[in-house]
Every structure is written in structure tokens, then in C-alpha cells.
Amino acid sequence: MKYQRLSILALSAAAFIGVWWISTYVYFNPKIVVPPNLVAETLWEITRNGELFEHVWASARRVVVGYVIGAVFGIGLGTIIGLYRIAEELLEPPLQFVRNITPVAIVPLAINLFGLDEGSKYAVIVYSTIIPIIFNTAGGVGGTPQIRIRAAMCLGAGQADIFFRIVVPSAWPFIVTGLRIALGFAFMGVVAAEMIAADEGVGFMIMQSRNMFLPAQMFAGIFLLGMIGVGTDRLIRFALDRLMSRYMMTLNSDVGVT
Amino acid sequence: MNLAKIGRISLSMLLVIGVWWASSGTIFSEMIVPKPWDVMKQFVDMIESKELFVHITASFRRISVGYVLGCTIGLVLGMVMGATRVTRDILTPPIEFFRNIPPVAMVPVVISFFGIGELGKYFLISYATTIVMILNTAAGVSATPRIRVRAAQCLGADQWSIFLRVVLPSAWPYILIGLRIALGFAFTGIVASEMLAAQEGIGFLIMQSTNILEPLDMFVGFVLLGGFGLLTDQTLRAVIGKLARRHMVAIGR
Amino acid sequence: MRNLKFDNVTMQFPRAEGGTVEVLRDITMEVEGGSFFTLLGPSGCGKSTLLNIAAGFEKPTQGSASLDAETIDRPGTDRTVIFQDVGNALFPWLNVWENVEFGLKMAKASAALRKERCDKYLELVGLSEDRGKFPFELSGGMKQRVQIARALANDPEILLMDEPFAALDAITKRYLQTEFRKIWKDTGKTILYITHDIFEALLLSTHLAVMSTGPNATIREIFNIDLQEPRLTSNRDFAAMHSTIEGIIDEEVQKSRAS
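Residues numbered from 1 in each chain as written. Chains lettered and ligands numbered in written order. Predicted model: local features only at pLDDT ≥ 70, side-chain atom pairs only at ≥ 80, totals over all residues.

Enquirer: It is not clear to me how the overall build of chain A should be interpreted in this structure. Could you clarify?
Expert: Along its length, chain A carries 10 helices and 0 strands. When its helices and strands are written in sequence order, chain A yields α-α-α-α-α-α-α-α-α-α. When the backbone C-alpha atoms are referred to their principal axes, chain A occupies close to 70 × 55 × 30 Å. With 258 residues in all, chain A has 45% of them scored as buried. In chain A, 72% of the contacts between residues at least 6 apart in sequence involve partners at least 24 apart. (Helix = DSSP H or I, 4+ residues; strand = E, 2+ residues; numbered from the N terminus. Buried ≥ 20, exposed ≤ 12 C-beta atoms within 10 Å, placed from the backbone. Contact = placed C-beta atoms within 7 Å.)

So this is what it looks like as C-alpha cells:
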């Protein structure tokens, strides 16, 4: 049965590429919508001359740094908001306002604040990741069933025990969801920042390709982005499944797909 | 929304504005982070000069068209995708692929293809919206409890009736959540495309501010984005609340 | 064995629209150590609130609950609650063994003691074979048994039980009622048990307090249940008692309908 599904998936991917190919010549202008074989060629070319690695590494580096910082502070702040009513009442309104300001819009501000160097990229990525993580963490921490805390109290758990052994495991699935969403936003942030002001990175490569009228390279960049995204998402899902399956059992329904 | 709650929210916002005011001119140069009062004045000026109106209507128009278009297409495709395992498997590779490409990345392609006209913006926003709607709708449709379908079959419902009266209502909460998430992405899409290829609009306002060294414009833009985003999100939530009540589903935070 | 006492307990809650609602009014009663004391009453009469006060989760607006001379003002390991919502009361990321072990770990008991107690009580509730399973793999009845084993492993003086078997199917319920009664007899603990099921109350208890309907609920009457063992529905005394109590409950339900 599994093979049947795998073959359908493979066929679909092939069909997609096929449709792409055909439509390039039949419908679109091949100078604007590049056929897959050219994209593949370009990808190979830039892999060979090291350009691919250079750009991917630049973007990856930025994402990792920004994501980790954003995750640490996001989980910290989210926990505080989830635990303490005062924090929630103080911080939620401005956060609710700010969450509507998409990371893309922040790029110019980041550049003003931190210049054209790495600092502004990190800032944008931290901003992109910290907001969803704060909200999901706060939701998970604050949503710990009261009955569970009471059960632990009856069994002699002190404040610290309750936090580490009850609140944290209960909130974990929510935190994980936040981390996954944040990764998507991190990619968005880095691409936006690189498109507007950078001299390396996947976003930069895409933008530069357009400016230099290299459509094949532009498509190659976009394709690359897609593959990286799929790859990292799969990786995270796999890692979490293996490492954290115990704690994910508390998840009831994962409603809300981004 | 009682008085006490409004009071607490106001207090919180006042505190934030206080921190903002204090940081401007001290930690941050006023050329980068202007004082709140100045931003307010600029805001009022722009209303008077009708400039604000131009930007807001432009962005609003683009979002509306793109969002409605995208949601419609997304809904239909999502239902198809979620309907059977086969359709899901067939549609998953392309959807999975595109979902991982942020709308921002598509802007250069869109510009190449559509130029810097309005069509490109409509397309981009629709694109972002559609992907989200497909995913959420498909999730909702495929999550229809099989037991409900069987119950309907026992009661003599044909395929079409089952779809309309069992699958759709069951998927409704997911669809509604999708609408909310999609709105957020629509906003992202509009800002991205306006920042990179437009002559008016909120995104343009923000981007332009760096070019003409007018930080006030940027912050007016932020206020607009935050404000409209909040407004539309809360409105959508209220509408969803009304519509979903019948289905007795608690939609999370 | 200490006695659980309620002295003039009154409980008021603030209402969302302002003002208060009085859930319990001036409740005074005593639960003798070692007895199986049931609180019976129609829905919404505040039985759970009284339990929460005994558990130390809530403080009464007036009056107090105490164990002999010691006032109850916080949760403690001498009074363990068995919740009805067992799905949320058990810890889903821990398996059966780890759940049962939890209280002992909190008390920093030695590994040897933990093993001894967990073995003993898992055996008692009949779940020795399932010690490695996780709550989501268990049926409602099994989950409830885990909760009971977890509570007992901590050796509390009193078990506070909030309609623990109400959400189970009839067969499982019967089975657990019988088994639990045996456990009570074997361990000799004090039980404060909440239910709205007269039948269940007569099956299990030594004492029965019938509550009036809420708000301002009070204790209407306290019965000593000394029906002969084993408790059988076919027994004449059983049926008579059932009728009496049923009459009182019906009265209370009528009153609440009228108001």
C-alpha cells in the first residue's frame, strides 16, 4: 500500500514538472517562465562554481542565528505571559497590534537601526520568529488544565515541580507548533531582508537575477527555496516525532495550517 | 468587552507609548524612531492632504480583490484535495512545494511576468491566500468524521447531499480558521509587492520613507498596518464566532 | 484516624455581572475517620464545591473545613482527589507506572519503596500487565483505575472522589464500584464520595448526606447506612431506603424547577 502512495506522489511530481515544461513552450514566453531543464542546468552550474553554497550558507547562517535567539526569548516571554496574569494584560495588547505588522514591513526599519550588515538580517529574523513563538507558548502554558495542576498538588508537588513536571510537558505540543510556524516565518523574513538589502543569500540571488535579466537563475533560486523549505520542514517533523513523541500525545487536534 | 478590560488595555497601550517616547532621541536617534506625537501629527497631516486616503484605498483595493479571489480558488481546490486520498496524494507535491516558497520570493517572478501593474499584485495576493486556503480546507474536509458520513449514508443521503450536508459543515471550522490565517498572508503579500513595485499603498509608504529620509512616514505605515490588521482580524473573528456557534466548536486563541 | 469536619461553611462566588451567588450555606457536618461518606444531591447543588474546600483548592467565604483540630487551607498529600475528568487528571506523557509513581517521586521515596508500592497498587486495581501503556491507550475505566492506584500509592488518609465513575459505561461502572468497595475495606481509608446516583450511594456508603438544591445549598439530612452485606438491590431494606431518599431528591428537584 505504501508503494502505491509513493508512486502516486512521484507521478504527481513528474506530472507537475511535465505541465511546467509544456506550458513554458506552448503558453508562456520561455524568457519569462523558464523550462525545468534550463533551471536544472542552472542549478547544476551554480553548484559547480560554488555560488549555490555561498548563498545558501549565508541565508542558513542568518536563519539559524535569528531563529535560536527568537526561540529562546520567545519561549521565555511566552512562558511569563502564560504564567502571570499581569504580564499577559500588560504585554498582550501591544503584541496583538504588532503581530499584524508583517516582518517584510520591518526590513526598512531594521536597516535603519542596524545598517546593511548582518545585524539587520538577524533583527528581522528574530522579529519574524519571536511573535508566533510567544503566542503559541503563552497559549500552551496558560492552557495547562487546572485539574492536572490540582492533581499534582494532591500528590505533593511543590511550585517548581508543578512548573517543570506539569506545565512544561503540557505546553510542549503548543511550543512545538509555534516553533514550526516560526521557521516558516523565519524563511520569509530572511528572504525579504536579503531581497531589499544584501549582497549574498538566496533572497539576494533571486532579486539580483531579476535585475540582471537572468530568469533561469531566478527560477533556480525559487526552486531552491522551495526544496530547502520542504527539506527542513520534513527534518523537523522527523526529529520531533522521534525525540518528542511522548509529549506530543497531549495534542488533540492540530487545527490551523500555515 | 467590559469597562475594566478596556481600562487595562488602555493602560497597557499607554505604557508602550511611554516606552516608545522615552526611547526616541535617547537609545534611538529621532531620525530612526521618531517621537509618538510627531507620528500622530504626520498622520493627521496626511489625512488632511488626502495622501493617506490614496495609500489606504490602493492597498485596500488590492487586498480585497486578491483575498476574495484567492479564497474562492483555495476553497474549491481545497475541497477537491481533501475529498479523497488519491486527490490528496496527487495535489500534495505541488502544494507542499509552493507552500514553502514565501510570497516575497515570488515578487520578482511576478514583476517579470506582469510588470509593475495592478494585475501582478492581485496575482501575488491571490497566490498567498490560495495556498493557505487549500491547506486548511483540505484539512477540514479530510477530517470529516467517517462515522458521520456513514450515518448519513444509512439515512439515505446521496454523494452530493453528503458533501453539502455533512462534509461542508464539518469542515466549516477549519475553513474559518483558514480564512483568518489567509488574511494575514494577504497582508504580507500586499506589503511585499508594494514595497518592491508600486507607486502607492502602505508598503510603498514604508519603503519610500527610507528613500526620502522621512521616518515619520514609515511609522505612520506601521500604525496603519497594525491597526488595519487588528481591525480586520477582530472583525473576522467576530464574524467567525457568530457563524461557527452553530457548529459548537471552540476555535482556539 | 482523623475526622473531617465542616464548620459553618458558607461559600460565595462573585458573578460576572457583579454581586455574588451563594453556593453553599452554613454547612456543618462531620465525616468520621474510616467511613465511606457520600454526598448526594441534584446537579448544581454545590457538592463539588464542598469537595474542593475539603481538598484545599478553595477557601470558604465563611467557616472552615478541618481535619480534627487542623484547619484545611491548602492541598495536601493526606487528602487526595480522584477527579471525574480522568483524561485531564492523568499525565498523558507518562505511562501507567510513571503516573502511579508520581506522588512517591514528589515525596522523594527510595526506588525500592516506589517499586513496592506501585507493584502493590497496580496489582490491586488489576493493571499490572499494563504498566508500560500510556493513558491514550487505555479505556475510560482503566484510566480511572490508574488514577485510583496513583492516589493510593501515596497513602493518603482521605480520598475525595468527585463522581469518579459517572462517565463510564454501566458494566465498567458496576465492576469498578464493587472493586473499589473492596479496596476501601482492605485499606481502611476515609472516603468522601460525591454522586447524584442514589443507587450507587446505597451500594457503597456507610453514611449518606443528602443536599438540598442550589443555590444556598444546605444539608437536608444525614443517614447512617447500615444495610446488611452484601448490598443487594433485591433486599427489602435497600429498596425502602432507596424510596425514602428518592422522595427527598424529587422534592428538591421540584423546588428547583419552581424557582
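Enquirer: What am I meant to see in the overall build of chain B here?
Expert: Counting secondary structure elements, chain B contains 10 helices and 0 strands. Overall, chain B shows an N-to-C arrangement of helices and strands of α-α-α-α-α-α-α-α-α-α. Each principal axis of the C-alpha distribution contributes one length, and for chain B these read about 70 × 55 × 30 Å. Counting across all 253 residues of chain B, residues that qualify as buried make up 40%.

Enquirer: Is there a simple way to explain the sheet that holds strand S5 (residues 70-71) of chain C in this structure?
Expert: Where strands meet in a sheet, backbone hydrogen bonds hold them as pairs that are either parallel or antiparallel. Reading across the sheet, the 4 strands line up as S2-S1-S4-S5 (chain C) and stay open at both edges, with antiparallel pairing between neighbours. Edge positions in the sheet fall to strand S2 (20-31) and S5 of chain C, since each of these pairs with one other strand and no more. (Pairing = 2+ DSSP bridges.)

Enquirer: Quick question: what am I supposed to make of the nonpolar core here?
Expert: Residues Val191 and Ala192 of chain A, Ala186 of chain B together with Ala54, Ala149 and Leu192 of chain C are the most contacted members of the largest nonpolar core, which totals 205 residues. It is helix H8 (residues 159-196) of chain A that provides the largest number of residues to this core, a total of 20 residues. Residues lining this core come from more than one domain, with at least three contributed by each of domain 1 (1-78 + 164-228) and domain 2 (90-155) of chain C. Here Val191 of chain A is in contact with Val202, Gly203 and Leu225 of chain A together with Pro102, Val104 and Ala105 of chain B, once residues within four sequence places are set aside. (Core = buried A, V, L, I, M, F, W, Y, C linked by C-beta atoms within 7 Å. Domains from an automatic or database assignment.)

Enquirer: Help me understand the interface of chain C and chain A, please; the structure alone is not making it clear to me.
Expert: Buried accessible area, meaning the area lost when the parts come together, often serves as the stated size of an interface. With 21 residues of chain C in contact, the opposing surface of chain A contributes 16 residues. Counting only elements with at least two residues in the side of chain C that touches chain A, the list comes to strand S6 (79-82), helix H2 (86-89) and helix H3 (96-106) of chain C.

Enquirer: I keep staring at the interface of chain B and chain A and nothing clicks. Help me out?
Expert: At the junction of the two partners, chain B supplies 52 residues and chain A supplies 45 residues. Contributing elements (two or more residues each) for the side of chain B that touches chain A: helix H1 (3-23), helix H4 (85-99), helix H5 (103-114), helix H6 (118-142), helix H8 (159-196), helix H9 (202-211) and helix H10 (215-244) of chain B. For the side of chain B that touches chain A, the element with the most residues is H4 of chain B, which contributes 9 residues. For the side of chain B that touches chain A, the residue count by class is 35 nonpolar, 12 polar and 5 charged. (Nonpolar A, V, L, I, M, F, W, Y, C, P; charged D, E, K, R; others polar.)

Enquirer: Got a minute to help me understand unusual backbone geometry in this structure?
Expert: Negative phi is the rule for most residues except glycine; trans is the rule for most peptide bonds. Residue and element names in this part refer to chain C. A positive phi angle is found at Asp68, which is not glycine, with a value near 55 degrees. Mapped onto the elements, Asp68 comes out in the loop between strand S4 (62-67) and S5. In this model, Asn216 sits at a positive phi of 55 degrees, which is unusual for a non-glycine residue. Structurally, Asn216 is set in the loop between strand S9 (207-211) and strand S10 (219-224). In this structure Asn216 comes out as partly exposed when scored by C-beta crowding, with 16 C-beta atoms within 10 Å.

Enquirer: Explain the arrangement of the chains to me, please; I cannot follow it from the model alone.
Expert: Once contacts are tallied for each of the 2 pairs of chains in contact, the highest total is for chains A and B. If you take every C-alpha in chain B and every C-alpha in chain C, the smallest gap between them is 10 Å, and the two do not touch.

Enquirer: I'm lost on the confidence of the model for chain B in this one. Help?
Expert: Residue and element names in this part refer to chain B. On average, residues of chain B score 87 in pLDDT, and 96% of them are at 70 or above. Across residues 248-253 the pLDDT falls below 50, and counting only partners more than four positions away or on other chains, this stretch makes 8 contacts in the model. Across the assembled chains, the prediction reports ipTM 0.85 with pTM 0.85. (pLDDT = per-residue confidence, 0-100.)

Enquirer: It is not clear to me how the pairing of strand S8 (residues 190-195) of chain C should be interpreted in this structure. Could you clarify?
Expert: For a regular strand, the rule is simple: side chains alternate between the two faces of the sheet. Residue and element names in this part refer to chain C. Along S8, 6 of the 6 residues are buried, which leaves the element largely enclosed by surrounding structure. Neither face of S8 is open: one carries Thr190, Leu192 and Ile194, the other Ile191, Tyr193 and Thr195, and all of them are buried. Bridge count for strand S3 (residues 36-40) against S8 is 5 bridges, and the pairing is parallel. Its bridge partner lying in S8, Phe37 is registered against Leu192. One ladder, built from 5 bridges, connects strand S7 (residues 158-162) with S8; its direction is parallel. Bridge pairing in S8 places Leu159 opposite Ile191. On the question of chirality, the crossover connecting S7 to the parallel S8 by way of helix H6 (residues 170-187) is right-handed. (Right-handed = clockwise from strand over helix to strand, strands pointing away.)

Enquirer: Honestly, the environment of Leu24 of chain C in this entry has me stumped. Any pointers?
Expert: Mapped onto the elements, Leu24 of chain C comes out in strand S2. Along the chain, Leu24 of chain C and Leu50 of chain C lie 26 residues apart, while their C-alpha atoms are 7.8 Å from each other.

Enquirer: Which parts of the structure should I look at to understand the sheet that holds S3 of chain C?
Expert: All names here are of chain C. In spatial order, the strands read S6-S7-S8-S3-S9-S10; together these 6 strands make up an open sheet with mixed pairing. Either end of the sheet is taken by a strand with one partner, and the two such strands are S6 and S10. On average, each strand axis in the sheet is inclined to that of its neighbour by 15 degrees, with strand direction left out of account. (Axes fitted to C-alpha atoms, helices over the stretch in contact; angles between N-to-C directions.)

Enquirer: I tried to follow the packing of helix H3 (residues 51-83) of chain B against H4 of chain B on my own but got confused; where do I start?
Expert: Geometrically, a packed helix pair is captured by the angle between its two axes and the distance between the axes. Residue and element names in this part refer to chain B. Interaxial distance between H3 and H4 falls to 5 Å at its minimum, and their mutual angle equals 120 degrees. Taken together, the axis directions place H3 and H4 in an arrangement best described as oblique. Two secondary-structure elements touch here, H3 through Val80, Met81, Gly82 and Ala83 and H4 through Thr87, Arg88 and Leu91. Split into classes, the residues belonging to the contact of H3 with H4 amount to 4 nonpolar, 2 polar and 1 charged. (Parallel < 35°, antiparallel > 145°, perpendicular 65-115°, else oblique.)

Enquirer: Even after reading the chapter, I still don't get helix H2 (residues 36-48) of chain B, so can you show me in this structure?
Expert: For an α-helix the count is 3.6 residues per turn, leaving residues at separations of three or four pointing the same way. Here H2 of chain B spans 19 Å end to end across 13 residues, near enough to the 18 Å set by a 1.5 Å rise per residue. Lys50 of chain B sits one or two positions beyond H2 of chain B and adopts a positive phi of about 70 degrees. (Expected span 1.5 Å × (residues − 1).)

Enquirer: When you look at H9 of chain B in this model, what are you seeing that I'm missing?
Expert: All names here are of chain B. Counting buried positions along H9 gives 8 out of 10 residues, so the element sits mostly inside the fold. When H9 is considered as a whole, its buried residues turn out to be Ile202, Gly203, Phe204, Leu205, Ile206, Met207, Gln208 and Ser209. Note on H9: the residue one or two positions beyond its end, Leu213, has a positive phi of about 55 degrees.

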